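A structural walkthrough
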Amino acid sequence: MQRAQKNEIIEKLRAKADRAGIAVVTDFRGMTVEELTDLRVKLRAAGIDYQVVKNTLARLAVKGGVHDALKDHLKENNAVAFGYDDPVVAAKVLVEYAKTSKKFSVKLASLSGKVIDAKGVTDLSTLPSRPEMLARTLGTMNAVPTNFVGLFANVIRGMLYALSAIKEKKEAA
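This is a predicted model, so every value here is computed, not measured.

A few words now on the packing of helix H1 (residues 3-19) against helix H3 (residues 55-62). It is at 8 Å that the axes of H1 and H3 come closest, and there the two elements cross at 50 degrees. Classified by the angle their axes make, H1 and H3 are oblique. Crossing angle aside, the handedness with which H1 passes H3 is right-handed. On the side of H1, the interface is formed by Lys6, Ile9, Ile10, Leu13, Arg14 and Ala17, while H3 contributes Leu57, Ala58, Leu60, Ala61 and Val62. The class makeup of the residues in the contact of H1 with H3 is nine nonpolar, no polar and two charged.

See the structure below:
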């Protein structure tokens, strides 16, 4: 590979890494082309870039960037998945695929510059996605005024029942 080609690959990887909120390093040793293609299709549908790259080029690409902590861990067979919008989605897709494939595994990840191990990525995959969290938060925020209105209506209703009882008592007398 020519130096110009290597520089181009490094710059493309650096751009992806700097945009990504999460970079997950995976081991794909022993996988067939069909299996890798299936994985790439699933990742692409989730908006995640997946790239097999030489470790030396990957180290140069992440050096000095957001995911600089990964450079010391890039050894043996590696592929890197870059998740841009929601780190939980990337973790979920990769962990689910790792459960179905005996040859594929998640090694570690860099989440906003902090390295997390494979167990941490698995734990991250169990969290609700960003839209789910926003929906839960909105539901909680909506529950407070709804409960307040219900409570206030009960107070007024109780007062109306008391006034109605007093009225009936005076009319009966």
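Spatially, E2-E3-E1-E4-E5 is the arrangement adopted by the five strands of the open sheet, whose pairing is antiparallel. Across the chains shown, the open sheet's two edge strands, defined by having one partner strand only, are strand E2 (48-52) and strand E5 (114-117). Across the sheet, the axes of successive neighbouring strands diverge by a mean angle of 20 degrees, strand direction being ignored. The sheet contact formed by strand E4 (residues 105-111) and E5 spans four bridges and is antiparallel. In the strand pairing of E5, leucine 111 is matched with lysine 114. Strands in contact with H1 are E2 and strand E3 (79-83); relative to E2, the strand with the most contacts, it is inclined by about 140 degrees.

This part covers a nonpolar patch on the surface. Residues Phe148, Val149, Phe152, Ile156, Met159, Leu160, Leu163 and Ile166 make up a contiguous nonpolar surface patch of roughly 830 Å² in combined accessible area. Here leucine 163 lies in helix H6 (residues 130-172).

Now for the packing of aromatic side chains. Working definition: an aromatic ring pair is given by the centre-to-centre distance plus the angle between the planes. Scanning the model with the defined rule gives two aromatic pairs in all. Their ring planes at 80 degrees and their centres at 5.4 Å tell us that tyrosine 97 and phenylalanine 104 sit as a pair that is edge-to-face. Pair check on accessibility: tyrosine 97 and phenylalanine 104 agree, each one buried. Between phenylalanine 148 and phenylalanine 152 the ring centres are 6.2 Å apart and the planes differ by 15 degrees, which places this aromatic pair in the stacked class.

Side chains of nonpolar character tend, in soluble globular proteins, to be buried together. Val24, Leu39, Tyr50, Leu94 and Phe104 are the most contacted members of the largest nonpolar core, which has 22 residues in total. Within the residue set of this core, elements represented by two or more residues are strand E1 (22-27), helix H2 (33-45), E2, E3, helix H4 (87-100), E4 and helix H5 (118-125). The biggest single contributor to this core is H4, with six residues. If we ignore the near neighbours within four places in the chain, the residues touching valine 24 are Ala79, Val80, Ala81, Leu94, Val106, Leu108 and Ala109. If you look at the next biggest cluster of nonpolar residues, it comprises 17 residues, including Ile10, Leu13, Ala17 and Ala58.

Rules and cut-offs
Residues numbered from 1 in each chain as written. Predicted model: local features only at pLDDT ≥ 70, side-chain atom pairs only at ≥ 80, totals over all residues. Heavy atoms only, no water. Axes fitted to C-alpha atoms, helices over the stretch in contact; angles between N-to-C directions. Helix = DSSP H or I, 4+ residues; strand = E, 2+ residues; numbered from the N terminus. Parallel < 35°, antiparallel > 145°, perpendicular 65-115°, else oblique. Left-handed = near helix turned anticlockwise from the far one by under 90°. Contact = heavy atoms within 4.5 Å. Nonpolar A, V, L, I, M, F, W, Y, C, P; charged D, E, K, R; others polar. Pairing = 2+ DSSP bridges. Patch = residues over 30% accessible without salt bridge, like charges linked within 9 Å, V, L, I, M, F, W, Y side chains within 5 Å. Areas by Shrake-Rupley, 256 points an atom, 1.4 Å probe, with all protein chains shown as cover. Salt bridge = Lys/Arg side-chain N within 4 Å of Asp/Glu carboxyl O. Phe/Tyr/Trp six-rings, centres within 6.5 Å; stacked < 30°, edge-to-face > 60°. Buried < 20%, exposed > 50% of the residue type's maximum accessible area, 1.4 Å probe, protein only. Core = buried A, V, L, I, M, F, W, Y, C linked by side-chain atoms within 4.5 Å.

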